[in-house]
Amino acid sequence: MGMYIVFVTAFFAENEKEPIAGMPGYIYKMVRFLKQRGHQAEIVAGAGYSREWKYKGITVYNCGTAQELEGSTLAVSMKILQREIAFQRKLKELDKIRKIDIVQYAGWSGVGCLHSLTCPGILRISTYSRIQYKESEIFKKVECYSFWERMAGRHADGILSPSRVLGNQLGKDIHKKVVLMETPYDNSVIEDDRLYQERLDGKSYFLFYGQTSIDKGFEVIQDVMPELLALYENLHFVVAGWNSPQSGKDAIGILRRKLGRYAERFIYLGPVSQPTLFPVIRHAKCVLIPSLIDNLPNSCLEALYLGQIVIGTYGTSLEQLIEDQVNGYLVKPGSRKELLSAAKKVCGLNEEERRCMVENSMQSLERYEPAYAVRKLEKYYEWAVTHKRR
């Protein structure tokens, strides 16, 4: 008989049609994989109001909590504690119906800091705010979030991290062991190529997808792209994802202005679902992930799995997947010169060189294959249950 596993997250999708990525995307993917392996897996999520509903066949229990963690440090801390109390109340309700074997908390802003069930509470580091969001214009109370993230780590029965960078730093700060746990790529997405066919078919393009934020390196892209498009007259630049605020303006608007006369070769798709996004990734010339700091993003796994060449950055956990000039390119974070140089190298690859890079990428993904990665997580759950008997 499978385990009963509940994932807890500060936020999730609000309806079935809403595209999800990042932390919610990871949770959806893992719940689906675990259900396929015979476990009962469900989601408890913060939301504007409480309800029980289904997201693509997965049960989601929304807890009505404050969605905007804004105000003074005291006010933000009170909202976090109120959210955590609501989570524990819901978990106790579910535990009475069927004993929960594992609770996995998505580690952001202190999720899991009040874990109170007798079953193991596992923290998976989704972010460590003082490292990952120090450049963010969206998250203002970084030190406050980080304090509660450390509290959640100290309270957890085990801590997982997809990234050595954030895992090592949190572990050092709270003096606890953090286990590296690979995030599997998703090999079961049924692709929908209508958007690609309508807007991109026949075009040669570089692609960026995700949050167009400073910490994701989008400001560097804004500076590099005008020169790159000037050098290659048939090259386009495509962005899919969320338009983030930047210096009181919007990142996409700033990019359009910087591109000037080359803006006609820029295509902004907005947020799109995985089935729609995958063909866009598959047909790109290159995927840009020039993050200043990151937590082994799903975007890199997806791009490599779909046969893409990725330009990433050193010191951001992307070294776990990319070896410079072997299966992609790594550049110094924030370096416009190095990013442009790597982009020019990609444009100069012949078919045989490109094929070799893609083959090397597929070999590097063996540890992230779903059957391997999910089984490794199951073994960790089994260890946690054994070491914390009811």
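Just so it is clear, the model here is predicted, and its values are computed rather than measured. (Residues numbered from 1 in each chain as written. Predicted model: local features only at pLDDT ≥ 70, side-chain atom pairs only at ≥ 80, totals over all residues. Heavy atoms only, no water.)

(A) How the structure looks around the overall build of the protein. Secondary structure summary: the protein contains 13 helices and 16 strands in total. Relative to the globule expectation of 21 Å for 390 residues, the C-alpha radius of gyration of the protein, 21 Å, shows essentially globular dimensions. Overall size of the protein, expressed as C-alpha extent along the three principal axes, is 65 × 45 × 40 Å. Relative to its full complement of 390 residues, the protein shows a buried share of 56%. Long-range pairs, those at least 24 residues apart, make up 67% of the contacts in the protein between residues at least 6 apart in sequence. Total accessible area computed for the protein in this model is approximately 16,700 Å², and 50% of it derives from carbon and sulfur atoms. (Helix = DSSP H or I, 4+ residues; strand = E, 2+ residues; numbered from the N terminus. Rg over C-alpha atoms; globule rule 2.2 N^0.38 Å. Buried < 20%, exposed > 50% of the residue type's maximum accessible area, 1.4 Å probe, protein only. Contact = heavy atoms within 4.5 Å. Areas by Shrake-Rupley, 256 points an atom, 1.4 Å probe, with all protein chains shown as cover.)

(B) Expanded view of the sheet that holds strand E4 (residues 58-64). Here we have eight strands laid out as an open sheet, ordered E3-E4-E2-E1-E5-E6-E7-E8, and mixed in their pairing. The open sheet has two free edges, formed respectively by strand E3 (51-55) and strand E8 (179-180), since each of these has just one partner strand. Relative to strand E2 (residues 40-47), strand E1 (residues 4-9) runs parallel, the two sharing six bridges. Its bridge partner lying in E2, valine 8 is registered against valine 44. (Pairing = 2+ DSSP bridges.)

(C) Fine view of the nonpolar core. Membership of the largest hydrophobic core comes to 69 residues, with the highest contact counts inside it found for Val8, Phe12, Val44, Leu91 and Ile100. Looking at this core, the element that brings in the most residues is helix H1 (residues 22-36), giving eight residues. Residues within four places of leucine 91 in sequence aside, it is in contact with Val6, Val8, Val44, Ile100, Val103, Tyr105 and Leu117. Val238, Ile267, Leu318 and Tyr368 belong to the second-largest nonpolar core, a separate cluster that totals 33 residues. (Core = buried A, V, L, I, M, F, W, Y, C linked by side-chain atoms within 4.5 Å.)

(D) A look at helix H10 (residues 298-305). When you tally the buried positions in H10, you get seven out of eight residues, the bulk of the element. For H10, the set of buried residues is Asn298, Ser299, Cys300, Leu301, Glu302, Ala303 and Leu304. Just past H10, the residue glycine 307 takes up positive phi, approximately 80 degrees.

(E) Structural context of the packing of aromatic side chains. This structure, assessed with the given rule, holds ten aromatic pairs. Summarising the aromatic geometry, the rings of phenylalanine 12 and tyrosine 55 are spaced 5.2 Å apart at their centres and angled 80 degrees between planes, so their arrangement reads as edge-to-face. With phenylalanine 12 in the loop between E1 and H1 and tyrosine 55 in strand E3, the pair connects residues that are 43 residues apart, well separated along the chain. Members of the aromatic cluster, connected to one another through ring pairs, are Phe12, Tyr28, Trp53 and Tyr55. Of note, arginine 51 hangs over the ring of tryptophan 53, and the distance from its end group to the ring centre comes to 4.3 Å. Here the basic side chain of lysine 56 rests over the ring of tyrosine 28, its NZ or CZ set 5.7 Å away from the ring centre. (Phe/Tyr/Trp six-rings, centres within 6.5 Å; stacked < 30°, edge-to-face > 60°. Lys NZ or Arg CZ within 6 Å of the ring centre and 35° of its normal.)

(F) Structural view of the side chain of glutamate 182. When you line up the elements, glutamate 182 lands in the loop between E8 and helix H6 (194-199). Judged by relative accessible area, which is 8%, glutamate 182 ranks as buried. Separated by 2.9 Å, the side chains of glutamate 182 and arginine 367 make a polar contact. A polar side-chain atom of glutamate 182 sits 2.8 Å from a polar atom in the side chain of lysine 376. (Polar contact = N/O pair within 3.5 Å; in protein donor to acceptor, adjacent residues only side chain to side chain.)

(G) Highlighting the sheet that holds strand E15 (residues 310-313). Ordered by their spatial adjacency, six strands build an open sheet running E13-E10-E9-E14-E15-E16, and the pairing between neighbours is parallel. Pairing within the sheet leaves two strands with one partner each, and these edge strands are strand E13 (266-270) and strand E16 (329-331). Neighbour-to-neighbour, the strand axes of the sheet open up by a mean angle of 25 degrees, direction not taken into account. Sheet topology places E15 next to E16; three bridges connect them, and they run parallel. Considered in E16, the bridge of glycine 312 is made with leucine 330. Packing against the sheet, helix H9 (residues 274-282) makes contact with strand E9 (204-211), strand E10 (235-242), E13 and strand E14 (286-288), and its axis sits at approximately 140 degrees to E9. Sitting on the sheet, helix H11 (residues 336-347) is in contact with E9, E10, E14, E15 and E16, with an inclination near 165 degrees to E16. (Axes fitted to C-alpha atoms, helices over the stretch in contact; angles between N-to-C directions.)

(H) Fine view of the pairing of E9. Of all eight residues in E9, six are buried; the element is thus mostly enclosed. As defined by bridge partners, E9 adjoins E10 across eight bridges and the pair is classed as parallel. For leucine 207, the partnering residue across the bridge sits in E10 and is valine 238. At this point the chain moves from E9, through helix H7 (residues 218-231), to the parallel E10, and the crossover so formed is right-handed. Alignment of E9 against E14, held across two bridges, turns out to be parallel. Following the sheet pairing, phenylalanine 206 is matched in E14 by cysteine 286. (Right-handed = clockwise from strand over helix to strand, strands pointing away.)

(I) Just the side chain of serine 317, in detail. If you trace the backbone, serine 317 turns up in the loop between E15 and E16. Overall, the relative accessible area of 1% leaves serine 317 in the buried class. Setting aside residues up to four positions removed in sequence, serine 317 forms contacts with Ser163, Val165, Asp294, Asn295, Leu296 and Pro297.

(J) View of H1. With 15 residues, H1 should reach 21 Å at 1.5 Å per residue; the first-to-last C-alpha distance of 21 Å fits that figure. Looking one or two places after H1, you find glycine 38, whose phi comes out positive at around 95 degrees. (Expected span 1.5 Å × (residues − 1).)

(K) How the structure looks around the pattern of salt bridges. Across all of its chains, the model carries 17 salt bridges by this definition. Residue aspartate 95 pairs with lysine 99 through a salt bridge whose shortest N-O separation is 3.4 Å. Here arginine 375 makes a salt bridge to glutamate 382, at a shortest N to O gap of 3.2 Å. For arginine 375, a relative accessible area of 29% puts it in the partly exposed group. (Salt bridge = Lys/Arg side-chain N within 4 Å of Asp/Glu carboxyl O.)

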